[in-house]
Amino acid sequence: MATERDFELLDDYLSNRLSKEESAEVEGKIEADPELKQEFQFQQSVVESVRSKRAAELKMLLNNTPIPFSQTIQAELLSKVAASVVVAGLAVMAYYFYQSNDTAEQVQEYQNEQVMPSPEPSPDQNSTVQSEENIVKDSPSDSPTTKTIEKSSPSSTTNERSEATKNRERELVKVISSTFVTSNTEVITRGESEDYTYHYAFEDKKLVLFGSFEKNQYQILEFITKDEHVFFLNYKSNYYLLDDQINAPAALLPIQDTQLLKKLREFRTK
Amino acid sequence: MVYRTSLKKEQEIFERICKGDEKALEQLYKKYYRMMTKMVITNSGTEDEARDIYQDALIVFWQKSTSGKLFLTSKISTYIYSICQNLWRKELDRKKRLSHEEKDIPVIINTDIKERNRIIGECLDKLDETCRKILMYYYFEEMSMQEIADKLGFANTDTTKTKKYKCKKKLDELVKTLYSERDFLD
C-alpha cells in the first residue's frame, strides 16, 4: 500500500523537483508496485491537466493582448503596398519625365534640324552650339545660318500646332490600319536654301524636301483610304504628316499625337 | 550606449518573466509579434498558424523561465525564434503525416486527452482562485514554495505548503467523484 511518503515522492516527481537519481528511484518503485503505479497514473493525469489549463489561460491572455498596428502583418503588407505605390509613382514620374523628354527631344531635334549651327558660333553661344553640333553631327558642314523663326522654343512650336492639326492627327490614327502601299511618289531633295531649311512641298505630284536629307535615310509612308492618300515622312526618329495639297514650301512639323506616333512606330516595326 | 540600454531592458524583462510577471509576458509578446509570425508565414504558414506557434513558443519560454531552468546565453528573441522554428517544423511534420496513412490514430488519442483535460479543468474551476493559482504556479510555472508565497502574499513557505497540500487534495477528490479510477487506467 502506498504511504504518505510515496505520495509526496510522486508529487515531487511529477513536478520535476527530484534529481536524476531520485527520479530513477521513484520510477523503479512505480514499476515494482501496481498500486503505486495506478496512483501515479491518476496523479499524472491531474497534473498534466492542470498544466494544460494554465497553458490555455496564458494563451487566452496573449490572445487578448492587443498587438500594436506596427507589429501586425497588415502593417507589413501596408508598408509593402506603400513601397509599391512609391515605386509605381516613381515609375510613372519617370515615364512622364521620359515622355516629356522624348517630346522635348523630338521638338529639340526638330529645332536642331532647323537650327543648324553656324560654322563659327559666337563665344557666348559655345556651350549651346556645342551640344547642338553633337546632335546634328550628320548635318552638312556647310549648314546655313540659323533662321530666327526656326529658333522657336519647344513650347512655341507646340503652340504653333493649331487645333485643326491636333484633330487631324487624332483622326489619322485609324488611317494606319488602312491599305498601305509602297510609295511610288517621286522624292526630290533640294537641300537647304536661305528660306527653307526644313520644309516640304508637292510639285506635280512629286514630293520636294528642303533640307539636309541626303546624308540621312528617310522613308515615305503612304496609306490609301477610300477618300484620300495620306503621306508620312519618317526621318530620324520623327514622323511628319505631309499634305499633298501643299504646293508651296511648308515647314515640316513633327507629329505629336502620341497615339498616332505609337501606331506609326508599330507599323514600321511590323 | 543604445546597445547597453537595450541589453539592460532585456535583462529587466527576463527577470520579471522569471518572477511570473504576466505584464512582462504581454510586453514581450507585442515586441516580437511581427518578427516571429513572419517566420511561419514565410514558411508556408497562415497568419493564424503563425500566431498559434508564436504563442506556444512564448509559453514554452515562460515556463522555462519561471521554473528557473533557463539561463539565457543569447538574446531573448533568438531563443524564442528557435523555439518557433522547432514548433513549426514539428507542425509541418504532423501535417505531412496526417496527409498519409497515420490519419486516424493521433486524432483518437488527442480526443481522449482533450476530454480528460476538459473534465479536470472543470474540477479546477470549482476551486477558489487562490487554490487554482497555487496549483498552477506549482505544477506549470514550477515555482518554489517561497516564490508562490511572495507572489500570493503568504506569510511563509509553510503556509504555502499547507495550502498547496489542501488544494491538491480537494482537486483529487473532485476528480475522483467525477471519474472512477478505472477511467484513467483504460
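See the structure above.
Residues numbered from 1 in each chain as written. Chains lettered and ligands numbered in written order. Predicted model: local features only at pLDDT ≥ 70, side-chain atom pairs only at ≥ 80, totals over all residues. Heavy atoms only, no water.

## Description of the pattern of salt bridges
Here is step 1: Applying the stated criterion to the full structure yields 27 salt bridges over all chains.
Here is step 2: Notably, a salt bridge pairs A:Arg170 with A:Asp257, separated by 3.7 Å at the nearest N-O pair. Of this pair, A:Arg170 sits in helix 7 (residues 163-171) while A:Asp257 sits in the loop between strand 8 (250-251) and helix 8 (258-269), and the two are 87 residues apart along the sequence.
Here is step 3: Bridged by salt links that share partners, the residues A:Lys53, A:Arg54, A:Glu57, B:Glu22, B:Asp125, B:Glu129, B:Arg132 and B:Glu141 form one connected network. (Salt bridge = Lys/Arg side-chain N within 4 Å of Asp/Glu carboxyl O. Helix = DSSP H or I, 4+ residues; strand = E, 2+ residues; numbered from the N terminus.)

## Digging into the packing of aromatic side chains
Here is step 1: A complete count under the given rule lists 13 aromatic pairs over all chains for this structure.
Here is step 2: With centroids separated by 6.2 Å and ring planes inclined at 90°, the aromatic side chains of A:Tyr200 and A:Phe202 adopt a geometry described as edge-to-face.
Here is step 3: On the accessibility criterion, A:Tyr200 (5% relative accessible area) is buried.
Here is step 4: These aromatic residues form a ring-pair network of at least three members: A:Tyr198, A:Tyr235 and A:Tyr240.
Here is step 5: Here the basic side chain of A:Arg17 rests over the ring of B:Tyr138, its NZ or CZ set 3.7 Å away from the ring centre.
Here is step 6: Over the face of the ring belonging to B:Tyr138 we find B:Lys164, whose NZ or CZ atom lies 4.5 Å from the ring centre. (Phe/Tyr/Trp six-rings, centres within 6.5 Å; stacked < 30°, edge-to-face > 60°. Buried < 20%, exposed > 50% of the residue type's maximum accessible area, 1.4 Å probe, protein only. Lys NZ or Arg CZ within 6 Å of the ring centre and 35° of its normal.)

## Looking at unusual backbone geometry
Here is step 1: The phi dihedral of A:Lys205 is positive, around 65°, even though this residue is not glycine.
Here is step 2: Tracing the chain through its elements places A:Lys205 in the loop between strand 3 (199-203) and strand 4 (206-210).
Here is step 3: Look at A:Lys205 and you get exposed, because its relative accessible area is 76%.
Here is step 4: Of note, the phi angle at B:Glu142 is positive, near 55°, even though the residue is not glycine.

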